[in-house]
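# Secondary and tertiary structure notes
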There are 4 protein chains.
Amino acid sequence: MNSFSRDVAASIVEVRAEVAELHAELVRYGLIVWTGGNVSGRVPGADLFVIKPSGVSYDDLAPENMILCDLDGNVVAGSPGSERSPSSDTAAHAYVYRNMPHVGGVVHTHSTYATAWAARGEEIPCVITAMADEFGGPIPVGPFAIIGDDSIGRGIVETLTGHRSRAVLMRNHGPFTIGTSAKDAVKAAVMVEDVAHTVHLAREAGGVIPIPQEAIDSLFDRYQNVYGQGTDERR
Amino acid sequence: MNSFSRDVAASIVEVRAEVAELHAELVRYGLIVWTGGNVSGRVPGADLFVIKPSGVSYDDLAPENMILCDLDGNVVAGSPGSERSPSSDTAAHAYVYRNMPHVGGVVHTHSTYATAWAARGEEIPCVITAMADEFGGPIPVGPFAIIGDDSIGRGIVETLTGHRSRAVLMRNHGPFTIGTSAKDAVKAAVMVEDVAHTVHLAREAGGVIPIPQEAIDSLFDRYQNVYGQGTDERR
Amino acid sequence: MNSFSRDVAASIVEVRAEVAELHAELVRYGLIVWTGGNVSGRVPGADLFVIKPSGVSYDDLAPENMILCDLDGNVVAGSPGSERSPSSDTAAHAYVYRNMPHVGGVVHTHSTYATAWAARGEEIPCVITAMADEFGGPIPVGPFAIIGDDSIGRGIVETLTGHRSRAVLMRNHGPFTIGTSAKDAVKAAVMVEDVAHTVHLAREAGGVIPIPQEAIDSLFDRYQNVYGQGTDERR
Amino acid sequence: MNSFSRDVAASIVEVRAEVAELHAELVRYGLIVWTGGNVSGRVPGADLFVIKPSGVSYDDLAPENMILCDLDGNVVAGSPGSERSPSSDTAAHAYVYRNMPHVGGVVHTHSTYATAWAARGEEIPCVITAMADEFGGPIPVGPFAIIGDDSIGRGIVETLTGHRSRAVLMRNHGPFTIGTSAKDAVKAAVMVEDVAHTVHLAREAGGVIPIPQEAIDSLFDRYQNVYGQGTDERR
């Protein structure tokens, strides 16, 4: 840790705490079971991010157990937690941080409704205003890709680049979300499951009514610029 | 605050506490995610109401964070919480209080099943006795309207005026409920999701049996006049 | 209270505590919302039962708030809680106790899946072994009946007399369950929602496989006579 | 207890504590209602296993209430808890331990979605990567069998022998899962309900996309050998 400037070292402490704490939100909203799911957060001002260890119980997620990685996904030797393996999705998170510099947080879950859409490879149409607010349109589907190389990370980046949505449904797999911070990405993970659930139910009972594109545009614009308490973070 | 009479000032304190506390009921019944949803309550004896701040975590909703507004939806300058923005739905709440003097509370959520009916623009038919008790008939659908002017508030008022139901499903958006008090409106929000859920499931598996109109009338009449412990508030 | 023998007075204290506590099980299993639902228990050795007050929050259900009634459903004057009104379903509970002497407890809820079957007036077929164990066959439907006379109680008694099931789905209304004790009736309320949920889902995705009648008989017989720790109460 | 070596006695204490504690996971993940469901764990180095007592509340499951059995399913006389009856599924657990020496834990639930598939006698197709990871293919269906002889245990063993899946859906009954330890079998019970839920929803809304067999093989292989922190236990 000695090789980091005082500012970076302080940021690492902060991001560790934030990432550790945010895993509780995945539990609170029922987005994960057992040790599934992972949250990571970029360390501001450094080519580093913090991610959950692999296969560890959500009851054991203390800040010092979080794992510090460089943007190639390698664990920073000697840092707290470095004796453990990072999440098996670390390579995908790293790929996103390397290729999307505005992204401050990444989340992956197998949340039930979003994963059901992913198993059909079907994008979620934008038929409720909360979805227009939050995602500005449909939730897109990413390619089928399995762990082992960069294909998951590349699929996320290619799908979300130039797209309003901060969520992608990786086919047969589940949602990945990005955000300006780890908290913003967790919010997107919560919201994508919420809209996946609502739109599933809506369609199950009959035809849904589309929202006109200009209303979607107007809602998205307002929400990104006006909603909340004027902080940097979308919420 | 000095400009209010002692009675009004005491009422404000009471309504702030009530509105803050009632947000926990939205969480308890799973009606909201993240910072979504809002509860407001009219201050008895004054042209004022109290509402949730915009985009603030449900873990941070203390009485002093609630925001005091006049019936045009303007924040009362200098009152506690006035440094924050009120809920982005404040204009809709204000419109309801201005135009429906008997309304003491307004609630808005994106609860899952009610919003699914709203995405189809379909009213919920009255096929269970609990729904006849509570709403006296079907739950109506209001127009499509987006934030920015009075159209949401107007849609709520036009739909619910002269209707037994205290709940309206705003199209592609979600439920708004009214009540004699904030608590009564929260009850309506809980019950509209409950009936939206039950009737969704009932229809999903086959044909539902209508309830004869005179039985609906009789149930509604009894429930409004006999049920509970004889307090002013419906419950 | 002075008019009761010491034994009966002690039983009343016990049943008050049991009935008060059992309401928490309705909450735990998500069978009720707001103040809906009610549990009652017969006082052994007396023509009395204890039931929940009407329209009171589940957070306020202490033993001394429970209401003591005679078998005509009249509140016992001067007993603790008698200043409140009993549950609006008291007449139905009383009718069951008057006409089914082996019944020690009655429960009513509007639990979601069971009420969905009730809205279609459709009995739940016995296609899972847990249902054969617990109910010995299908869950029957009772008539449409509204509050105001004996018709709900009569519908319950006529449907369940001579039937293995301890649960009846009152049409367009919801489940009523009976048991050897209040706890046994609560168990039946929990189990009827559980089987209503499972069989709903099973049928939604295709054809269910019937269980042969002799297997149902054998499961029901074993469960009533062998399962558990050999106490009087079915569990 | 005196007849056991010190090592075995220590293992029994450990397995009692583990089995008692793991029942809370069934509650946490909503896999059971009332007293349903059971977890057992083999005692390493002895022909013994520990199982839940029959019909006892999940609030009362302390280590000393767990029941020690031999591999024929007989309670070990004089051991703590031996005054109670073991779970009514003890014979099935015993059969599995006798016939599958690598199995260290067995779990049975009536979890809702898995039981719904079982009521149709339909295997769950492998259409999500988490399922390929965990089960290496579809979840198979076992025969219809009722309590009273070895037929449930035999059905489990015959179905799972030579199969990658650690879960079997016993027809019209519900899931049984096995694992290298009681915890591993509980994980399988949690995951089988999770995939039963997700695949149910996925199919409900349209056609699901199959995963190519070689991708399933690759995911299963990696997960069994790489995932987690390199302990003996799969997680």
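Computed from a predicted structure; not experimentally measured. (Residues numbered from 1 in each chain as written. Chains lettered and ligands numbered in written order. Predicted model: local features only at pLDDT ≥ 70, side-chain atom pairs only at ≥ 80, totals over all residues. Heavy atoms only, no water.)

Looking only at helices and strands, one finds 7 helices and 7 strands in chain A. Going from N to C terminus, chain A has its helices and strands arranged as α-β-β-β-α-β-α-α-β-α-β-β-α-α. In terms of overall dimensions, chain A is globule-like: its C-alpha atoms have a radius of gyration of 17 Å, near the 18 Å expected for 235 residues. Projected onto the principal axes, the alpha-carbon positions of chain A cover approximately 60 × 35 × 30 Å. Counting across all 235 residues of chain A, residues that qualify as buried make up 62%. Relative to all contacts within chain A whose residues are 6 or more apart in sequence, the contacts with residues 24 or more apart total 64%. Accessible area of chain A: about 8400 Å², with a carbon and sulfur share of 49%. Once the 18 positive and 29 negative side-chain charges of chain A are each reduced to a mean point, those two points are 1 Å apart. (Helix = DSSP H or I, 4+ residues; strand = E, 2+ residues; numbered from the N terminus. Rg over C-alpha atoms; globule rule 2.2 N^0.38 Å. Buried < 20%, exposed > 50% of the residue type's maximum accessible area, 1.4 Å probe, protein only. Contact = heavy atoms within 4.5 Å. Areas by Shrake-Rupley, 256 points an atom, 1.4 Å probe, with all protein chains shown as cover. Lys, Arg positive; Asp, Glu negative; His and termini not counted. Charge placed at Lys NZ, Arg CZ, Asp CG, Glu CD.)

Here we come to the pairing of strand β4 (residues 105-108) of chain A. Residue and element names in this part refer to chain A. The alternating pattern of β4 places Gly105 and Val107 and Val106 and His108 on opposite faces, both of which are buried. Summarising the sheet, strand β1 (residues 38-42) and β4 pair through 4 bridges and their orientation is antiparallel. If you follow asparagine 38 over to β4, its bridge partner there is histidine 108. For β4 and strand β7 (residues 174-179), the ladder comprises 4 bridges, and the chain directions are antiparallel. Bridge pairing in β7 places glycine 105 opposite glycine 179. (Pairing = 2+ DSSP bridges.)

Looking now at the interface of chain A and chain B. Accessible area lost when the parts come together is the quantity often used to give the size of an interface. Listed by partner, the interface residues are 34 residues for chain A and 29 residues for chain B. Summing both partners gives a buried area of about 2700 Å² for chain A against chain B, and 59% of it is carried by carbon and sulfur. Across the contact surface, chain A and chain B share 1 salt bridge. The closest approach of N and O atoms between Arg28(A) and Asp59(B), which form a salt bridge, is 2.7 Å. Here chain A and chain B share 8 residue pairs in polar contact (both at pLDDT 80 or more) between them. Broken down by secondary-structure element, the contributors of at least two residues to the side of chain A that touches chain B are α1 (6-28), α4 (129-135), α6 (182-204) and α7 (213-225) of chain A. Classifying every residue of the side of chain A that touches chain B by side-chain character gives 18 nonpolar, 8 polar and 8 charged. (Buried area = accessible area lost by both parts, 1.4 Å probe. Salt bridge = Lys/Arg side-chain N within 4 Å of Asp/Glu carboxyl O. Polar contact = N/O pair within 3.5 Å; in protein donor to acceptor, adjacent residues only side chain to side chain. Nonpolar A, V, L, I, M, F, W, Y, C, P; charged D, E, K, R; others polar.)

Across the boundary between the two partners, chain B contributes 34 residues, which contact 29 residues of chain C. Summing both partners gives a buried area of about 2700 Å² for chain B against chain C, and 59% of it is carried by carbon and sulfur. Scanning the region where chain B abuts chain C turns up 1 salt bridge. Our enumeration of links across chain B and chain C arrives at 8 residue pairs in polar contact (both at pLDDT 80 or more). At the level of elements, α1 (6-28), α4 (129-135), α6 (182-204) and α7 (213-225) of chain B are the ones that each hand at least two residues to the side of chain B that touches chain C. The greatest single-element share of the side of chain B that touches chain C, amounting to 11 residues, is contributed by α6(B).

The subject of this paragraph is helix α3 (residues 112-120) of chain D. Summarising burial for α3(D): 9 of the 9 residues are buried, a large majority. Taken together, the buried positions of α3(D) are Thr112(D), Tyr113(D), Ala114(D), Thr115(D), Ala116(D), Trp117(D), Ala118(D), Ala119(D) and Arg120(D). Contact partners of the buried residues in α3(D): α6 (182-204) of chain C together with β6 (167-170), β7 (174-179) and α6 (182-204) of chain D. Once α3(D) ends, the next one or two residues include Gly121(D), with phi positive near 60 degrees.

Each copy of the sequence occupies a distinct position, and chain A is placed on chain B by a rotation of 90 degrees and an axial shift of 0.0 Å, giving an RMSD of 0.0 Å. Both copies of the chain, as the preceding transformation shows, are related through a four-fold rotation axis. Proximity to the rotation axis, assessed at the C-alpha, singles out Glu204(A) in chain A; its C-alpha lies 5.7 Å from the axis. Little of the interface of chain A is mirrored in chain B, where only 3% of its interface residues again form contacts. (Least-squares fit on C-alpha atoms with pLDDT ≥ 70 in both.)

The UniProt feature table records "domain: Class II aldolase/adducin N-terminal" (unreviewed entry) at residues 17-200 of chain A. In residues 17-200 of chain A, the share of helix is 36% and the share of strand is 16%. The end C-alpha atoms are 35 Å apart. (UniProt positions renumbered as here; feature names shortened; annotations may be inferred.)

In this section: the relation of the copies chain B and chain C. At an RMSD of 0.0 Å, chain B and chain C line up after a rotation of 90 degrees and a shift of 0.0 Å along the axis. Interface overlap between copies is the fraction of interface residues in one copy that are interface residues in the other; for chain B against chain C it is only 3%, indicating separate surfaces.

Let's shift gears to the confidence of the model for chain A. Residue and element names in this part refer to chain A. Taken over all residues, the pLDDT of chain A has a mean of 94, while the share at 70 or more is 95%. Residue range residues 231-235 is modelled with pLDDT below 50. Its contacts to residues more than four positions away, or to other chains, number 15 contacts. Listed scores for the predicted complex are pTM 0.96 and ipTM 0.94. (pLDDT = per-residue confidence, 0-100.)

Turning to the pairing of β7(D), a few remarks are in order. All names here are of chain D. In terms of residue burial, β7 counts as a mostly covered element, since 6 of its 6 residues are buried. Sheet topology note: the β6/β7 ladder contains 4 bridges and is antiparallel. Paired with methionine 170 across the two strands is glycine 174, which belongs to β7. The loop that links β6 with its antiparallel partner β7 comprises 3 residues; one of these, asparagine 172, has a positive phi angle of about 55 degrees.

Residue and element names in this part refer to chain B. Running from N to C, α1 and α6 cross one another at 10 degrees; their axes reach a closest spacing of 10 Å. Between α1 and α6, the angle falls in the class roughly parallel. Across the interface between the two elements, Glu18, Val19, Leu22, Glu25 and Leu26 of α1 pack against Ala182, Lys183 and Val186 of α6. Of the residues that constitute the contact of α1 with α6, the class distribution is 5 nonpolar, no polar and 3 charged. (Axes fitted to C-alpha atoms, helices over the stretch in contact; angles between N-to-C directions. Parallel < 35°, antiparallel > 145°, perpendicular 65-115°, else oblique.)

Once that is clear, we can look at empty space enclosed by the protein. Overall, the coordinates contain 1 cavity of 30 Å³ or more when judged by the stated rule. Taken as a whole, the largest cavity encloses approximately 30 Å³ of empty space. What lines the largest cavity is simply Ile128(A), Ala130(A), Asp194(A), Thr198(A), His110(B), Thr115(B) and His173(B). When its residues are assigned to classes, the lining of the largest cavity shows 2 nonpolar, 4 polar and 1 charged. (1 Å grid on protein atoms, 1.4 Å probe; cavity = no way out; pocket = protein on both sides within 12 Å on 5 of 7 lines; lining within 4 Å. Points joined across faces, edges and corners; volume = space filled by probe spheres on them.)

Okay, the environment of Asp7(C) next. Residue and element names in this part refer to chain C. Relative to the assigned elements, aspartate 7 resides in helix α1 (residues 6-28). Of the residues examined, aspartate 7 reaches a relative accessible area of 64% and is grouped as exposed. Sequence separation between aspartate 7 and alanine 46 is 39 residues; the distance between their C-alpha atoms is 9.7 Å.

Evaluation of the coordinates by the stated rule reveals 40 salt bridges over all chains. Within the structure, one salt-bridge network assembled from shared partners comprises Glu134(A), Arg166(A), Asp184(A) and Lys187(A).

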